[in-house]
Amino acid sequence: MAESKQLQKENVVLCGANSYEQKYYFNPDFAKLPESIRQELQIMCVLFTEDVGGILTMEFTPEGELEFKVQVDENDYLFDEIGSGLKIKQYQMEKWEFLEGLELFYQVFFLGADPSAFLDEAEEDGAASDERGAAEDGKQQSDETGAAEDEKTMTDKTDSVVKDEKKAGGQRAAEKEKMPGDSTP
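I will try to describe carefully the structure that is included in this document. (Residues numbered from 1 in each chain as written. Predicted model: local features only at pLDDT ≥ 70, side-chain atom pairs only at ≥ 80, totals over all residues. Heavy atoms only, no water.)

Below, the discussion takes up the pairing of strand β3 (residues 55–60). With 6 of its 6 residues buried, β3 lies for the most part within the structure. Side-chain alternation along β3 places Ile55, Thr57 and Glu59 on one buried face and Leu56, Met58 and Phe60 on a second face that is also buried. With 6 bridges connecting them, strand β1 (residues 12–18) and β3 associate as antiparallel partners. Each residue of the ladder has a partner; that of Val12, found in β3, is Phe60. In sequence, β3 turns back onto strand β4 (residues 66–71) through a hairpin of 5 residues, with Gly64 there showing a positive phi of about 95 degrees. (Buried < 20%, exposed > 50% of the residue type's maximum accessible area, 1.4 Å probe, protein only. Helix = DSSP H or I, 4+ residues; strand = E, 2+ residues; numbered from the N terminus. Pairing = 2+ DSSP bridges.)

Structure (structure tokens):
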């Protein structure tokens, strides 16, 4: 139990990669994670350090949130600080479900959180998501109706222009026939 209290006071490193030593570290306390998830974590960390340099660690806070921590040697002039921030944002956006799953795993198996509390949250989020989806579907249907009406209006206008051109063409032909001194048949 002393270890559990220690885990709650400090960040716990899940994994990390070091571009200076070209090494990857995975905390063996997380060996329960499926191999595919461990491989995904390795790919993320190694690609990060290959792209921007430095040392990346993924750590759980005492509250169970997953954080990206970046460290840089002071003499590393090739480290891409802007790229580092952008890459982290990219991971957070593209892999948000994966990262939330890791947080859930940590909170349940390491912090002893009640999994049913997360199910209740998921159901509430699902209901809110369904409501947003229905509103978006209504908007999309409205947009489609508006687009169909716009298309009909454009077709009507095009037909009108074509009719006008035919009338004008017919009038020009009639005027040409009436012109005196024109010898073309």
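Next comes the rest of the write-up.
Of note in the backbone geometry, Gln22 takes a positive phi value of approximately 50 degrees without being a glycine. Tracing the sequence through the fold places Gln22 in the loop between β1 and β2 (23–26). A relative accessible area of 65% places Gln22 in the exposed class.

This part is about the pattern of salt bridges. This model, assessed by the stated rule, comprises 4 salt bridges. A salt bridge links Glu40 to Lys95; its shortest N-O distance comes to 2.6 Å. Placement of the pair is Glu40 in helix α2 (residues 35–52) and Lys95 in the loop between α3 (81–94) and α4 (96–109), with a sequence separation of 55 residues. Look at Glu40 and you get partly exposed, because its relative accessible area is 24%. (Salt bridge = Lys/Arg side-chain N within 4 Å of Asp/Glu carboxyl O.)

Taken as a whole and judged by the stated rule, the model has 8 aromatic pairs. Taken together through their ring pairs, the aromatic side chains of Phe30, Phe60, Phe105, Tyr106, Phe109 and Phe110 make up a single cluster. (Phe/Tyr/Trp six-rings, centres within 6.5 Å; stacked < 30°, edge-to-face > 60°.)

Bringing the pairing of β4 into the picture now. Pairing between β3 and β4: 6 bridges, direction antiparallel. When the bridges of β4 are listed, Ile55 appears paired with Gln71.

On to the packing of α2 against α3. Helix-helix packing is described using two parameters, namely the angle between the two axes and the distance between the axes. Closest axis-to-axis distance for the α2/α3 pair is 10 Å, and the angle between their directions is 155 degrees. One way to sum up the angle between α2 and α3 is to call them roughly antiparallel. Helix-helix and strand crossings are classified by hand; for α2 and α3 the assignment is right-handed. In this structure, α2 uses Ile43, Met44, Leu47, Phe48, Asp51 and Val52 to contact α3, whose residues at the interface are Gly83, Ser84, Lys87, Ile88 and Tyr91. (Axes fitted to C-alpha atoms, helices over the stretch in contact; angles between N-to-C directions. Parallel < 35°, antiparallel > 145°, perpendicular 65-115°, else oblique. Left-handed = near helix turned anticlockwise from the far one by under 90°. Contact = heavy atoms within 4.5 Å.)

The 4 strands are arranged β2-β1-β3-β4 in an open sheet whose pairing can be described as antiparallel. One side of each edge strand has no neighbouring strand; the edge strands of this open sheet are β2 and β4. Within this sheet the neighbouring strands show an average axis-to-axis angle of 15 degrees, counted without direction. Bridge analysis of β1 against β2 gives 4 bridges, and the strand direction is antiparallel. Each residue of the ladder has a partner; that of Cys15, found in β2, is Phe26.

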